[in-house]
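Reading the structure
So you can see what is in the structure, the chains are spelled out below.
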Amino acid sequence: MKTFVILFGLVTVAVAAPQSPTEPIPILKQESSIEPDGSYQYSYETGNGISAAERGALKNIGAEEPALQVEGQFQYPSEDGGTIQLSYIANENGFQPQGSHLPTPPPIPEVIQRALAYLATAPPQPENNRP
């Protein structure tokens, strides 16, 4: 039984391995630069519709060490023939992607919105100090 499981695992890995393309995909454009101050930028575009660009630099955020601020975007063809596009910023506030294909939260129900509006205008409640 153990031999069967190992053999099945090896066959699964072999079948799931990416297949190599028959023809190389050309790189249509590729640029990059790194500056002495630590800032950088790169961009590329391939013959199959993939492209990306990014730039980054150190940013003084008032802390002991500066933070890296990165902005970029990439796009690639989707399986349905459209194009997936994503832009992003990454900084001291984390990674912040934007794209029409990303899921969005459902709208806040009207009852909850009314309750939040009421709470925002309600006077503060006295604190109940219990011993």
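Residues numbered from 1 in each chain as written. Predicted model: local features only at pLDDT ≥ 70, side-chain atom pairs only at ≥ 80, totals over all residues. Heavy atoms only, no water.

The name that an unreviewed UniProt entry assigns to the chain is Putative cuticle protein, with the source organism given as Bombyx mori.

1. Details of the environment of Y40
Looking at the secondary structure, you find Y40 in strand 2 (residues 40-46). In this structure the C-alpha to C-alpha distance between Y40 and G56, which are 16 residues apart in sequence, comes to 5.4 Å. For Y40, the contacting residues outside a window of four places in its chain are S33, I34, E54, R55, G56 and V70. Within the structure, the side chain of Y40 is placed 2.5 Å from the side chain of E54, a separation counted as a polar contact. (Helix = DSSP H or I, 4+ residues; strand = E, 2+ residues; numbered from the N terminus. Contact = heavy atoms within 4.5 Å. Polar contact = N/O pair within 3.5 Å; in protein donor to acceptor, adjacent residues only side chain to side chain.)

2. A closer look at the packing of aromatic side chains
Under the criterion given, the structure shown has four aromatic pairs. Relative to Y44, the ring of Y42 lies with its centre 6.5 Å away and its plane at 10°, an arrangement referred to as stacked. What makes Y44 partly exposed here is its relative accessible area of 32%. Arranged with centres 6.4 Å apart and planes meeting at 50°, the rings of F74 and Y88 form a pair that is tilted. Note that F74 is positioned in strand 4 (residues 67-77) and Y88 in strand 5 (residues 83-91), a separation of 14 residues in sequence. (Phe/Tyr/Trp six-rings, centres within 6.5 Å; stacked < 30°, edge-to-face > 60°. Buried < 20%, exposed > 50% of the residue type's maximum accessible area, 1.4 Å probe, protein only.)

3. Observations concerning a nonpolar patch on the surface
Together, I108, I112, L116, Y118 and L119 make up an exposed nonpolar region whose accessible area comes to about 540 Å². Checked against the element boundaries, L119 lands in helix 2 (residues 110-121). You can call L119 exposed: its relative accessible area is 59%. (Patch = residues over 30% accessible without salt bridge, like charges linked within 9 Å, V, L, I, M, F, W, Y side chains within 5 Å. Areas by Shrake-Rupley, 256 points an atom, 1.4 Å probe, with all protein chains shown as cover. Salt bridge = Lys/Arg side-chain N within 4 Å of Asp/Glu carboxyl O.)

4. Some remarks on the pairing of strand 5
Sheet analysis places strand 4 next to strand 5, joined by eight bridges and oriented antiparallel. By the bridge assignment, Q73 is partnered in strand 5 with S87. Hairpin connection of strand 4 to strand 5: five residues between the antiparallel strands, including G81 at a positive phi of 95°. Of the strand pairs in this sheet, strand 5 and strand 6 (residues 94-98) are connected by five bridges, and their pairing is antiparallel. Note on strand 6: the bridge partner recorded for I89 is Q96. Hairpin geometry of strand 5 and strand 6 is characterised by an intervening segment of two residues between the two adjacent antiparallel strands. (Pairing = 2+ DSSP bridges.)

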